[in-house]
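Spelled out from the first residue to the last, the chains are:
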Amino acid sequence: MTGSFGWRVTAVAAVLTIAGSLLPVDADEHEHTYADKEEVVLWMNTVGPYHNRQETYKYFSLPFCAGSKKTISHYHETLGEALQGVELEFSGLDIKFKDEVMQTTYCEIELDKPKRDAFVYAIKNHYWYQMYIDDLPIWGIVGEADENGEDHYLWTYKKLEIGFNGNRIVDVNLTSEGKVKLMPNTRIAMSYSVKWKKSDVKFEDRFDKYLDPSFFQHRIHWFSIFNSFMMVIFLVGLVSMILMRTLRKDYARYSKEEEMDDMDRDLGDEYGWKQVHGDVFRPSSHPLIFSSLIGSGCQIFSVSLIVIIVAMVEDLYTERGSMLSTAIFVYAATSPVNGYFGGSLYAKQGGRRWIKQMFIGAFMIPAMVCGTAFFINFIAIYYHASRAIPFGTMVGVDEEKIFPMFMEPAVIVCLGGILPFGSIFIEMYFIFTSFWAYKIYYVYGFMMLVLVILCIVTVCVTIVCTYFLLNAEDYRWQWTSFLSAASTAVYVYMYSFYYYFFKTKMYGLFQTAFYFGYMAVFSTALGIMCGAVGYMGTSAFVRKIYTNVKID
């Protein structure tokens, strides 16, 4: 049932994508090949404050003027492009492949007081704008102020230099010139020029200039990966040594107790995890919610794994919205993973309301994402931001003395996420910077290694926590194993506060709500995934140790 629901969502997404791709455009942007003097479209995307990357508005929300050429409508070609607030509008500039244009005035702005005030506000807040030519992004600054901040100037001349290799565009550069002082009741002429130059850059490598190897492949990044691997090796070795040594002693003690008579056994100091063998396989409390969380976590892990593999094979960052579109498609396609793991666990725990479990498992993550997105969307609509999504689109050593206090499930849950967070927090910095700043993330091999490390550390930590919990004769291990692993998300969200206040210059209600809203979604999804991974590993451990226990 869950799988059929997923395939219906997949079909809808596929129809939207195919329908968008069939809509006509004049220039051959899909094949990225041009004949001489064929039209090349300059799309104007968004404008917004530099320090608030997500606070963007339509380019023509500022009183810019457009060229005289007939308007071409842009259609959202992917669902991800629409959800990311891409608002491409035709610039009206006449650009043809290999056809140079000398400085030409394409329009004039009648600068009255309201228009001047709009430009002055944009310059004071360091507004920048984004354009596209053949899917290559171009950035420019609206204007600048003098040293005293009293006079403000608008850049009026867009000087484009386009590199080509054969019949393909491989490079675009923008130089802003023509600084004009903003004075009310004046006319400002906007001009452009186009220069074409032959380039040796291969079409496959044309996005390399937007990447920042010195940032992502810095020695600190390599050192963090190496450090995490060392922690994994140490942790796995430590867990293996402690558990094998401790369990061997436990098995030896329990085997010796089997040979005692009833009187001696009653007088013996019998304690530990064996004493809860009759309770440890009881169904968890609230099995409906628990099984839905496990199923959702397994699905999120599958989506993460598949999307990272696809990103390693294909350069998803070269197409607008392709990463988000891929994630949505994969999430819909992996719905059977959610149904299988969540449904089978619910059945094993004696659940009978399987239809309700199916709906909760299917809609838990989408409801959380849509709920947060709706809240942020209302703020975006209030600010008239391009991020406002149309509602149509939305739809061993004396351990009994050391750990009594620490064997409380609440304490285990709080402490369980520290080591997993420690293994990923350096990578979180790079991921945050690529999403909230102006870096393009492309080192998906690193991301795959960190995902593997996170899973191993999470399983090891939850196994140790569960062993201590069972040794304290507390059989409530299901929720404890899930929540102790999921608590990693709490530390990630706490780190997001540090990143916001000390690593960015974001400000304003819109950007703050956008940042913390979507960081809450990201952290929750990460927590559910880690919780599911921790539970699955701990479940295998619990079943393994109790298979060797002789039960009277």
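These numbers come from a predicted model, not from an experiment.

Caption draft 1: A look at the overall build of the protein. Along its length, the protein carries 18 helices and 10 strands. With an accessible surface of roughly 27200 Å², the protein has 62% of that area assigned to carbon and sulfur atoms.

Caption draft 2: Spatial organisation of the nonpolar core. By size, the foremost hydrophobic cluster in this structure holds 131 residues, and its most contacted members are Ile95, Val142 and Ile169. Beyond its immediate stretch of four places on either side in the chain, Val142 contacts Val47, Leu62, Phe64, Phe119, Ile123, Tyr127, Trp128, Tyr129, Leu154 and Trp155. Counting residues in each nonpolar core, the second largest holds 7 residues, with Ile72, Val86, Leu88 and Tyr132 among its members.

Caption draft 3: Summary view of the state of the cysteines. Across all of its chains, the model carries 1 disulfide by this definition. Across a sulfur-sulfur distance of 1.8 Å, Cys65 and Cys107 are joined as a disulfide pair. Here the disulfide of Cys65 and Cys107 is right-handed, its torsion about the S-S bond being about 65°. Of this pair, Cys65 sits in the loop between strand 2 (57-58) and helix 2 (79-83) while Cys107 sits in strand 4 (residues 101-111), and the two are 42 residues apart along the sequence. Here the two residues Cys65 and Cys107 agree in accessibility, since each one is buried. Cys455 takes part in no disulfide bond, and the closest cysteine sulfur to it belongs to Cys530, at a distance of 7.2 Å.

Caption draft 4: Layout of the packing of helix 14 (residues 418-436) against helix 15 (residues 444-471). In contact at an axis separation of 8 Å, helix 14 and helix 15 are set at 160° when each is read in the N-to-C sense. Considering their axes alone, helix 14 and helix 15 lie roughly antiparallel with respect to each other. As for how helix 14 packs across helix 15, the hand of that crossing is left-handed. Contacts between helix 14 and helix 15 pair Leu419, Pro420, Ser423, Ile424, Glu427 and Ile431 from the former with Phe446, Met447, Val450, Ile453, Leu454, Val457, Thr458 and Val461 from the latter.

Caption draft 5: Geometry of the side chain of Ser199. Tracing the chain through its elements places Ser199 in the loop between strand 10 (186-198) and helix 4 (213-216). With relative accessibility at 12%, the residue Ser199 sits in the buried group. Separated by 3.1 Å, the side chain of Ser199 and the backbone nitrogen of Val201 make a polar contact.

Caption draft 6: Structural context of a negative patch on the surface. Taken together, the side chains of Glu204, Asp205, Asp208, Glu314 and Asp315 define an acidic patch exposed on the protein surface. Positionally, Asp208 belongs in the loop between strand 10 and helix 4.

Caption draft 7: Here's a closer look at the packing of aromatic side chains. Within the structure shown, the criterion is met by 46 aromatic pairs. Seen in terms of ring centroids, Tyr441 and Tyr444 are 5.3 Å apart; in terms of plane orientation they differ by 70°. Their pairing is edge-to-face. The same class applies to Tyr441 and to Tyr444, which are both buried. By way of ring pairs, the aromatic residues Phe421, Phe425, Tyr429, Phe430, Phe432, Tyr491, Tyr495, Tyr498, Tyr499, Phe502 and Phe522 are connected into one cluster. Looking at Arg168, its charged tip hangs above the ring of Phe203, at a distance of 4.2 Å from the centre.

Caption draft 8: Focus on the side chain of Ser487. Structurally, Ser487 can be placed in the loop between helix 16 (477-486) and helix 17 (488-503). For Ser487, the residues in contact, after removing those within four places along its chain, are Val413, Cys414, Gly416 and Gly417.

Caption draft 9: Quick peek at empty space enclosed by the protein. When its volume is computed, the largest cavity comes out at roughly 50 Å³. Looking at the largest cavity, the residues that line it are Met44, Tyr59, Phe60, Cys65, Ala66, Ser91, Leu93, Tyr106 and Lys158. Taken together, the residues of the lining of the largest cavity break down into 7 nonpolar, 1 polar and 1 charged.

Caption draft 10: Quick look at the UniProt feature "transmembrane region" (unreviewed entry) in the protein. In the numbering adopted here, UniProt assigns the feature "transmembrane region" (unreviewed entry) to residues 222-244, 288-312, 324-347, 359-385, 405-430, 442-470, 482-501 and 513-536. Each end of residues 513-536 is marked by a C-alpha atom, and these two atoms are 34 Å apart; helix forms 100% of the span and strand 0%.

Caption draft 11: Layout of the confidence of the model for the protein. With 83% of its residues at a pLDDT of at least 70, the protein reaches an overall mean of 81. pLDDT under 50 marks residues 1-27. Its contacts with residues more than four places away, or in other chains, come to 30 contacts.

Caption draft 12: Molecular detail of the pairing of strand 10. Relative to strand 10, strand 4 is paired through 8 bridges, and the arrangement is antiparallel. Note on strand 10: the bridge partner recorded for Leu111 is Thr186. Pairing between strand 8 (residues 152-165) and strand 10: 8 bridges, direction parallel. What sits directly across from Glu161, in strand 10, is Lys195.

Caption draft 13: Representation of the pattern of salt bridges within the structure. Counted according to the given criterion, the structure contains 16 salt bridges. Across the pair Lys69 and Asp94 runs a salt bridge whose closest N-O atoms are separated by 3.3 Å. With Lys69 in the loop between strand 2 and helix 2 and Asp94 in the loop between strand 3 (89-90) and strand 4, the pair connects residues that are 25 residues apart, well separated along the chain. Take Lys69: its relative accessible area is 27%, and that puts it in the partly exposed class. Lys159 is the partner of Glu177 in a salt bridge, and the nearest nitrogen-oxygen pair spans 3.9 Å. Taken as a pair, Glu177 in strand 9 (residues 168-181) and Lys159 in strand 8 lie far apart in primary sequence, 18 residues in all. Each of Glu39, Lys69, Asp94 and Lys96 takes part in a single network of salt bridges with overlapping partners.

Caption draft 14: Representation of the packing of helix 7 (residues 287-313) against helix 10 (residues 354-382) within the structure. Close contact between helix 7 and helix 10 brings their axes to 9 Å; oriented N to C, the two are set at 45°. Here helix 7 lies oblique to helix 10, going by the angle between them. Crossing geometry of helix 7 relative to helix 10 is assigned as right-handed. Residues Leu288, Ile289, Ser291, Ser292, Leu293, Ser296 and Ile300 of helix 7 form the contact with helix 10, whose own contacting residues are Lys356, Gln357, Ile360, Gly361, Met364 and Ile365. Among the residues making up the contact of helix 7 with helix 10, the classes are represented as 7 nonpolar, 5 polar and 1 charged.

Caption draft 15: Spatial organisation of unusual backbone geometry. The backbone of His126 sits at a positive phi, close to 55°, despite the residue not being glycine. Note on placement: His126 falls in the loop between helix 3 (113-124) and strand 5 (127-133). Backbone geometry at His286 places phi at a positive 50°, although glycine is not the residue there. Mapped onto the elements of the fold, His286 is located in the loop between helix 6 (262-267) and helix 7.

Criteria and thresholds
All residue numbers here refer to positions counted from 1 along the written sequence of the relevant chain. Reporting in this predicted model follows two pLDDT cut-offs: at least 70 for local features of residues, and 80 or more for side-chain atom pairs to be given and counted; totals over whole chains, interfaces and linings ignore these cut-offs and use all residues. Only hydrogens and water are set aside; all other atoms, that is, all heavy atoms of the structure, feed into the side-chain values. A run of H or I in DSSP becomes a helix once it reaches four residues, and a run of E becomes a strand once it reaches two; helices and strands are each numbered from the N terminus. Note on areas: Shrake-Rupley with a 1.4 Å probe; residue coverage comes only from the protein chains shown. The set of buried Ala, Val, Leu, Ile, Met, Phe, Trp, Tyr and Cys residues whose side-chain atoms join them within 4.5 Å is what this entry labels a nonpolar core. Summary of the burial criterion: residues with accessible area below 20% of their type's maximum are buried, those above 50% are exposed, and those between are partly exposed, where the area comes from a 1.4 Å probe applied to protein chains only. Pairs of residues are marked as contacts when any of their non-hydrogen atoms sit within 4.5 Å. Two cysteine sulfurs form what is called a disulfide whenever their separation falls within 2.5 Å. All axes here are fitted lines through C-alpha atoms, helices being fitted over the stretch that makes contact, and every angle between N-to-C directions spans 0 to 180 degrees. Orientation labels follow simple angle bins: below 35 degrees gives roughly parallel, above 145 gives roughly antiparallel, 65 to 115 gives roughly perpendicular, and whatever is left gives oblique. Take the far helix as your reference; a near helix turned counterclockwise from it by less than a right angle gives a left-handed crossing, and one turned clockwise gives a right-handed crossing. Counting of polar contacts relies on pairs of N or O atoms within 3.5 Å, with two restrictions inside protein: one atom must be capable of donating a hydrogen and the other of accepting it, and residues adjacent in sequence are counted only when both atoms are side-chain atoms. Residues enter patches when they are more than 30% accessible in relative terms and free of salt bridges; like-charged ones are connected within 9 Å and nonpolar ones (Val, Leu, Ile, Met, Phe, Trp, Tyr) within 5 Å. We define a salt bridge as a side-chain nitrogen of Lys or Arg found within 4 Å of a carboxyl oxygen belonging to Asp or Glu. His is not counted here, nor are the chain ends, while Lys and Arg score as positive and Asp and Glu score as negative. Taken as the charge location is NZ of Lys, CZ of Arg, CG of Asp or CD of Glu. A pair of aromatic rings is counted whenever rings of Phe, Tyr or Trp (Trp by its six-membered ring) have centres within 6.5 Å, and the orientation is called stacked for planes under 30 degrees apart, edge-to-face for over 60 and tilted otherwise. Whether a charge sits over a ring depends on NZ of Lys or CZ of Arg being within 6 Å of the ring centre and within 35 degrees of the ring normal. Here a cavity means grid points, on a 1 Å grid over the protein atoms only, where a 1.4 Å probe fits yet cannot get out; a pocket means an open set of points with protein on both sides within 12 Å along at least five of seven lines; lining residues are those with an atom within 4 Å of a point. Grid points are joined across faces, edges and corners, and a volume is the space filled by probe spheres set on the points. Note on residue categories: nonpolar means Ala, Val, Leu, Ile, Met, Phe, Trp, Tyr, Cys or Pro, charged means Asp, Glu, Lys or Arg, and polar means any other residue, Gly included. UniProt positions are given in the numbering used here, feature names are shortened, and annotations may be inferred rather than shown by experiment. Scored from 0 to 100, pLDDT reflects the predictor's confidence in each residue. Should DSSP find at least two bridges between two strands, the strands are taken to pair.

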